Amino acid sequence: MLDIEYREGDANDLSDLAARPTPVGLLSRETSGNLTLSPRYRDIMQPLGFRDELRVLLRDRHGAWGALVMGRADDAPPFGSAELAAAAALVQPLGNALRRLHLMRLAEANASETAPGLVLLDADHQVVQATRPGRMRRRGSRRHYL
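Residues numbered from 1 in each chain as written. Predicted model: local features only at pLDDT ≥ 70, side-chain atom pairs only at ≥ 80, totals over all residues. Heavy atoms only, no water.

Caption draft 1: Molecular detail of the overall build of the protein chain. Helix and strand counts for the protein chain come out as five helices and seven strands. The order of α-helices and β-strands along the protein chain, N terminus first, is α-α-β-α-α-β-β-α-β-β-β-β. Among the 146 residues that make up the protein chain, the fraction classed as buried is 30%. Contacts in the protein chain between residues far apart in sequence, at least 24 positions, make up 47% of those at least 6 positions apart. (Helix = DSSP H or I, 4+ residues; strand = E, 2+ residues; numbered from the N terminus. Buried < 20%, exposed > 50% of the residue type's maximum accessible area, 1.4 Å probe, protein only. Contact = heavy atoms within 4.5 Å.)

As structure tokens, this is what we get:
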């Protein structure tokens, strides 16, 4: 699949989606219903019994952070407008979440005893996330935050 994505090129490849205002693509629409124009469909999806593919690039204002690739089985109804709208609504929230996860993991991996800590609180002042330097333990197993 990656070989087709990055070497051959195909409809709805991730670089195409990245250039769109709404980075959501349905393979059947991109091929005007002639799915056999797609090497990904011919070589991978059709032999596995899929009739279509919906792709969603997960991004925020900082860039792309991941993608969802969903196949629809031959015996299932086609993707509809409601599913495309739902997929479009996921682009930014999931892009934001993936970016935060990536940054938290980087902060955790590069944390040291003297590094500044970060503690993210919700509206009720409950801890949502914290970097390793943002956490400290006192005697016992109860966790305390800086």
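Caption draft 2: View of the pairing of strand S5 (residues 127-130). With three bridges connecting them, strand S4 (residues 119-121) and S5 associate as antiparallel partners. Within S5, the residue paired with Val 119 across the bridge is Ala 130. What sits between S4 and S5 in their antiparallel hairpin is a turn of five residues, with His 125 showing a positive phi close to 65°. (Pairing = 2+ DSSP bridges.)

Caption draft 3: Region of the structure containing the confidence of the model for the protein chain. For the protein chain, the mean per-residue pLDDT works out to 85, and 85% of the residues sit at or above 70. Highest mean pLDDT in the protein chain belongs to strand S1 (residues 24-26) (96); lowest belongs to strand S7 (residues 143-145) (53). Below a pLDDT of 50 lies the segment residues 137-141, which in the model reaches two contacts outside its immediate sequence neighbourhood of four places, other chains included. (pLDDT = per-residue confidence, 0-100.)

Caption draft 4: Broad picture of the nonpolar core. Among the nonpolar cores identified, the biggest contains nine residues, and these are Val 24, Leu 26, Leu 54, Val 56, Leu 58, Phe 79, Leu 84, Ala 87 and Val 91. The set of elements that each furnish at least two residues to this core consists of S1, strand S2 (50-60) and helix H5 (81-109). For Phe 79, the residues in contact, after removing those within four places along its chain, are Leu 26, Asp 52, Glu 53, Leu 54, Met 70, Gly 71 and Arg 72. The next biggest cluster of nonpolar side chains, apart from the first, holds five residues, and it includes Ala 11, Leu 27, Leu 35 and Met 45. (Core = buried A, V, L, I, M, F, W, Y, C linked by side-chain atoms within 4.5 Å.)

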